[in-house]
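Here are the chains, one letter per residue:
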Amino acid sequence: MSFTNKESLLDLKNVKGHILGFPRIGAHRELKWALEDYWSKKITQGQLIQEANNLKQKNWLTQIEAGLDFVTVGDFAFYDHVLNMSSYLGVVPKRFQHKQGAPVDLDTYFRIARGRSVKGEDAPASDMTKWFDTNYHYIVPEFSTNQSFNVNGASLIQDIKRAQELATGKQGLGVKPVIIGPLSYLWLGKAVEAEEGSNKAVTLDKLDLLPDLLNAYSELLNDMAQQGVDWIQIDEPILSLDLSIEWKSAFERAYFQITKTSSKILLASYFGPLNENLALACSLPVAGIHLDGVAGHSDLANVLDKLPTYKVLSLGIVNGRNIWRNDLSKSLTLLQPFCDALGDRLWVASSCSLLHSPVDLGSEAKLTDDLKPALSFAVQKISEVATLASALNGKDVSEKITDANHAIQTRAQSTTVHNEQVRDKVDGVTDGLLNRHSPYIQRSLAQRAALNLPLYPTTTIGSFPQTKEIRSARRLYKKGELPKIAYDSAMEYSIRQAISEQELIGLDVLVHGEAERNDMVEYFGEQLNGYAFTEYGWVQSYGSRCVKPPIIAGDVSRPAPMTINWIQYAQSLTKKPVKGMLTGPITMLCWSFAREDISLKEQAYQIGLALREEVADLENAGITVIQMDEPALREGLPLRRADWSEYLKWAVDAFRLSVAVVQDTTQIHTHMCYSEFNDIISSIADLDADVITIETSRSNMELLNAFEAFEYPNEIGPGVYDIHSPIVPNQEWMQALIEKAAQRIPAERLWVNPDCGLKTRGWPETREALTLMVSAATTLRAQAVAGSNKQVKEHASVEPA
Ligand code: GLN
Ligand code: ZN
């Protein structure tokens, strides 16, 4: 009798395990291939849907078999989960001519995402932008002034049903759908003009749409509730941003209304601490909240005081954004007090959706024995969550804990992790190493004398078209099927071609073309100590596009020069300067999986020091212009403004460390793209690069607004045409852009260049576009000379004879 009592008491302490979402791309990128086959009409829509269903089922089974208490559904998307929400709500921009109220079919869905599909007319795709501080991109919802919402969640309901069938008979297993919350959905969207065809931003207050939107949400939630789901996860990641009072109070209104459904709501936030929004989140009329226990670790100290006693707390303790194995003992120590306080009101979870981690470590066959056991991908993370929940429920998981401890310790002690020399060098970095010899003004005089460039010098960003021949040479060489000597001569051939094209076109500062690089981070990572690479560590970037970030696995150092031979070869072919071309420390860091055992700053400095050696070698080899690309500088910014300055300080310093070794006469360039720079323009100036080439053309030089309030001190090349489109730009248009720039920035400090590298373009359009660009620069140059001659003459004519 007493025994049964004790049993049931133990049963009461039933900590649950769940994840916020699973990668949809498939362990071998099955979704990518199916999508691309569908778009190129190699498979039917039925076959695409079948592949998607297989993937979903596989993902659900992984969760069930690992022993999680919920199967999460609704996290799958054919392209993007924000676009999913738009399709459930019938939010389709007018130009796609979608019949209001009709369900959004798959071809319309793809047309919104990519401008075209197998059926339906082409139309400009919706914007795509970065999902918070991740490398995932979502499709920006477009709201018009008279936006209406028409709910159709049939595809979601169908998934719920299928998952429920899979879960039948499995005691205690719940099916938990996830959707993006109404406030985050609104926040992420943009308001556009109502009339057809025009896409101009209007001053529509998005919150005006909230009442109608909430009605739509209520309808959708009721549809789900009718399927008998106990819990619904609603994601509101904007809770980890700085919110205005209007948005905060909108949360109260919204959740008061939409929680009138019969399912319980788990309100999930992630990617950072909620800080001042924590009290708000705890007070909303929802049945539970999820906190990111990794990126939002600081909230954990306060949440128990703020959480009403009947609410569930889901703690995201397994990092969904990294690839390192969870330190189970440490996690249990952290979780135990929560378990003691909350009992079955505690859930253990991934910090965020596992969307941002690769799928399955099991596929990796080439990782070293001291590294592989220290890693964990999505499939493994699910087991970690399940293990932690089991441990809290009193099950014996000591073997798993011992295993994890062992792997983590072995890794920490590995000789490939710790390099005393590198540590000493980082410790020895003084301010002196961060500064060039002279200020820009002085350097610019020295460089003018040394380089002798014309007004409006022309250049490109680095890469030239990656032809079939180039790609196949690289691939065969990597597979060991092409001897080095043949590979080298293929690369030299493409360098010769790039140089002669550029000379014919008449560019002033040349590049070698980057034929030897598959990826700007991987190329350097492979040559540096401390980096590791996976075979299948793919993470979705957008739609069918995936990236395979390298792993910073140990202290970083440079065993040998990385680029000198190629650049020197290119320089030997021409009298014009050829740019040395490197990837900067922040981009190397942001586009990799970083370590968790040392700070990001320390890792950036290590990479910065390695690059500094390369820069010095380039200079010694006679290279007079060196470009250090930092396209990722802005995306490393923390979500909260209060944290910006600390990041920007070390990021800027790491860049300076990497280049400040050169003489005044050596010109340092940098390049940035993919984002808005206006709000960090002064930090960009602090990089103290002699020249920055920067993306602006898509936004019609919106960047220049930044120069109203801030005078950029050095030279700048605002990109005059968009390389993302195969359309050859118009010369007058480019001239007009340069003239517009010259109103804000003195002409002597302006460069003329495209807005990014040309590797995705073909030669014919590249040749044509660059020729026009050079002729735009030449025309303006001639006008400037004529103008100053005229001035001299006018001046002369008023002088007494
Ligand atoms: N130098 C690189 C290139 O031209 C820069 C790429 C980038 O900005 N992402 O390809
Ligand atoms: Zn770029």
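This is a predicted model, so every value here is computed, not measured.

What follows covers the confidence of the model for the chain. Scored by pLDDT, the chain comes out at a mean of 94, with 95% of its residues at no less than 70. Predicted confidence is poor over residues 1-11, with pLDDT under 50, and the contacts of this stretch with residues over four places away or in other chains come to zero contacts. Per-residue pLDDT stays below 50 along residues 797-801; that stretch engages in zero contacts with residues further than four places along the chain or on separate chains.

Time to look at helix α22 (residues 600-620). Look at α22: 30 Å from first C-alpha to last across 21 residues, which is about the 30 Å you get at 1.5 Å a residue. Positive phi appears at G622, one or two residues downstream of α22, with a value of about 95°.

Right, let's talk about empty space enclosed by the protein for a bit. Tallied over the entire structure, the rule returns eight cavities of 30 Å³ or more. In this model, the largest cavity occupies a volume close to 220 Å³. Around the largest cavity sit 19 residues that line it, and G74, D75, H81, V178 and D235 are the ones nearest its centre. For the lining of the largest cavity, the elements supplying multiple residues, two or more each, are α4 (81-89) and β6 (174-180).

This part is about the sheet that holds strand β18 (residues 625-629). In a beta sheet, neighbouring strands pair by backbone hydrogen bonds and run either parallel or antiparallel. Reading across from one edge, β17-β18-β19-β20-β21 is the order of the five strands in this open sheet, with parallel pairing throughout. The open sheet terminates on both sides in strands that have one partner only, identified here as β17 (579-583) and β21 (715-718). Geometrically, the sheet is characterised by an average inter-axis angle of 20° between neighbouring strands, direction not taken into account. Direction of pairing for β18 relative to strand β19 (residues 667-672): parallel, over a ladder of five bridges. Looking at the pairing, V625 lines up with Q667 of β19. Across the sheet, helix α16 (residues 440-451) lies against β18, β19 and β21, angled at about 70° from β21, the strand it touches most. Contacting β17 and β18, α22 runs over the sheet at an angle of about 175° to β17.

Read across the open sheet, the eight strands follow the order β1-β12-β11-β10-β9-β8-β6-β2; overall the sheet is parallel. The sheet terminates laterally at β1 (16-18) and β2 (70-73), the two strands that pair on one side only. Across the sheet, the mean angle separating the axes of adjacent strands is 25° when strand polarity is ignored. For strand β8 (residues 231-235) and strand β9 (residues 264-268), the ladder comprises five bridges, and the chain directions are parallel. What sits directly across from W231, in β9, is K264. The strands touched by helix α6 (residues 154-167) within the sheet are β2 and β6, with β6 carrying the most contacts at an inclination of about 155°.

Another aspect to go through is the coordination of the zinc ion (ligand 2). Six octahedral donors around a metal ideally subtend angles of 90 or 180 degrees, whereas four tetrahedral donors ideally subtend 109.5 degrees. At the metal site, the zinc ion (ligand 2) is ligated by H671 (NE2), C673 (SG) and C756 (SG), and these contacts range over 2.1 to 2.3 Å. Geometry at the zinc ion (ligand 2) is tetrahedral, judged from the four donor atoms that bind it and their angles of 91 to 126° at the metal. Here the donor residues of the zinc ion (ligand 2) are spaced in sequence according to H-x1-C-x82-C. With respect to class, H671 is no different from C673; both count as buried.

For the rest of this paragraph, the subject is the site of ligand 1. The immediate surroundings of ligand 1 are formed by 13 residues, with S463, E514, D629, H671 and G757 found nearest. Between a nitrogen atom of ligand 1 and a side-chain N or O atom of D629, the distance comes to 2.6 Å. Within the side chain of H671, a nitrogen or oxygen atom sits 3.1 Å from an oxygen atom of ligand 1. Taking 300 Å² as the accessible area of ligand 1 by itself, protein coverage stands at 94%.

Here helix α12 (residues 328-342) spans 20 Å end to end across 15 residues, near enough to the 21 Å set by a 1.5 Å rise per residue. Within α12, the axis deviates most sharply at L335, by approximately 35°, and proline P337 lies no more than four positions further along. On the buried face of α12, the contacting elements are α11 (300-306), β11 (312-318), β12 (346-350), α13 (378-392) and α14 (398-413). Remark: G343 follows α12 within two positions and exhibits a positive phi of approximately 55°.

Right, let's talk about the pairing of β12 for a bit. Across the five residues of β12, five count as buried, placing the element largely inside the fold. Looking at chain direction, β1 and β12 are connected through three bridges and run parallel. Across the sheet, K16 pairs through a bridge with W347, a residue of β12. Where β11 and β12 come together, five bridges link them in parallel fashion. Across the sheet, S314 pairs through a bridge with W347, a residue of β12. Where the polypeptide runs from β11 across α12 and back to β12, its parallel neighbour, the crossover connection is right-handed.

Our focus in this paragraph is the layout of surface pockets. Its boundaries defined by the atoms lining it, the second largest pocket holds a volume of some 860 Å³. R474, K478, Y487, E516 and N518 are, among the 23 residues lining the second largest pocket, the residues nearest its centre. Elements with a minimum of two residues in the lining of the second largest pocket: α17 (468-478), α18 (484-505), α19 (522-525) and α20 (564-572). Per-element tally for the lining of the second largest pocket: the top contributor is α17, with five residues. Classifying every residue of the lining of the second largest pocket by side-chain character gives seven nonpolar, four polar and 12 charged.

Turning our attention to the pairing of β6. Of all seven residues in β6, seven are buried; the element is thus mostly enclosed. Judged by which residues are buried, β6 turns out to be covered on both faces: G174, K176, V178 and I180 on one side and V175, P177 and I179 on the other are all buried. Here four bridges tie β2 to β6, and the two strands are oriented parallel to one another. Among the inter-strand pairings, F70 is bridged to a residue of β6, identified as G174. As paired strands, β6 and β8 are joined by three bridges and run parallel to one another. Along β8, the bridge assignment pairs V178 with Q233.

With that out of the way, let us pick up the nonpolar core. One broad rule of soluble globular proteins: the nonpolar side chains tend to lie buried together. If you look at the biggest cluster of nonpolar residues, it comprises 133 residues, and the most contacted ones within it are F110, W131, I179, L183, Y185, M224 and Y255. Residue contacts for I179: discarding those within four places in its chain leaves M85, Y88, L156, Y217, L220, L221, M224, Q233, I234 and D235.

Here the focus is the pattern of salt bridges. Overall, the coordinates contain 36 salt bridges when judged by the stated rule. Taking the shortest distance from any N to any O, the salt bridge between D690 and R436 comes out at 2.9 Å. Here D690, found in the loop between α24 (681-686) and β20 (691-694), pairs with R436, found in the loop between α15 (420-427) and α16; they are 254 residues apart in sequence, far enough to count as distant. The class for D690 is buried, based on a relative accessible area of 0%. Between K478 and E526 there is a salt bridge, with the nearest N and O atoms lying 3.1 Å from each other. Of this pair, K478 sits in helix α17 while E526 sits in the loop between α19 and β13 (529-532), placing them 48 residues apart in sequence.

Procedures and definitions
Going along each chain's sequence as written, the residues are numbered from 1 onward. Following the order in which they are written, the chains are lettered starting with A and the ligands numbered starting with 1. Only residues with pLDDT of 70 or above have their local features reported here, since the model is predicted, and side-chain atom pairs are shown and tallied only from 80 upward, although totals for entire chains, interfaces and linings are computed over all residues. The basis for the side-chain values is all heavy atoms of the structure; hydrogens and waters are excluded. Along the chain, pLDDT gives the predictor's confidence residue by residue, from 0 to 100. Contacts between residues were defined by any pair of non-hydrogen atoms, one from each residue, lying within 4.5 Å. The way it works is that DSSP assigns letters per residue, a run of H or I at least four long becomes a helix, a run of E at least two long becomes a strand, and they are numbered from the N terminus. One less than the residue count of a helix, multiplied by 1.5 Å, gives the span that helix is expected to have. Points on a 1 Å grid, built from protein atoms alone, make a cavity when a 1.4 Å probe fits but cannot get out and make a pocket when they are open with protein on both sides within 12 Å along at least 5 of 7 lines; residues with an atom within 4 Å of a point are the lining residues. Grid points are joined across faces, edges and corners, and a volume is the space filled by probe spheres set on the points. Two strands are said to pair when DSSP picks up at least two bridges between them. Angles run from 0 to 180 degrees between N-to-C directions of axes, and those axes are lines fitted to C-alpha atoms, restricted for helices to the stretch in contact. Only nitrogen, oxygen and sulfur atoms count as donors, using a 2.8 Å cut-off from the metal that widens to 3.2 Å for Na, K and Ca. Water is left out, so coordination shells may look unfilled. Any coordination sphere not matching a tetrahedral pattern (four donors, all angles between 85 and 135 degrees) or a square planar or octahedral pattern (four or six donors, opposite donors over 155 degrees apart, other angles between 65 and 115) is reported as irregular. Only protein chains enter the calculation, and the probe is 1.4 Å; a residue is then buried if its accessible area is under 20% of its type maximum, exposed if over 50%, and partly exposed in between. A molecule or strand has a residue near it when one of that residue's heavy atoms lies within 4 Å. A 3.5 Å cut-off defines polar contacts: any pair of N or O atoms within that distance qualifies, except that in protein one atom must be a possible hydrogen donor and the other a possible acceptor, and neighbouring residues in sequence count only when both atoms are side-chain atoms. To measure how exposed things are, a 1.4 Å probe is used in the Shrake-Rupley method; for residues, cover is taken only from the protein chains shown. A residue's bend is given by the angle between axes fitted to the 7 residues ending at it and the 7 residues starting at it. The crossover handedness rule: strands pointing away from the viewer, path from first strand over the helix to second strand clockwise, crossover right-handed. Asp, Glu, Lys and Arg are counted as charged, while Ala, Val, Leu, Ile, Met, Phe, Trp, Tyr, Cys and Pro are counted as nonpolar; the rest, among them Gly, fall into the polar class. In plain words, nonpolar cores are sets of buried Ala, Val, Leu, Ile, Met, Phe, Trp, Tyr and Cys residues tied together by side-chain atoms within 4.5 Å. By definition, a salt bridge exists where a carboxyl oxygen of Asp or Glu is found within 4 Å of a side-chain nitrogen of Lys or Arg.

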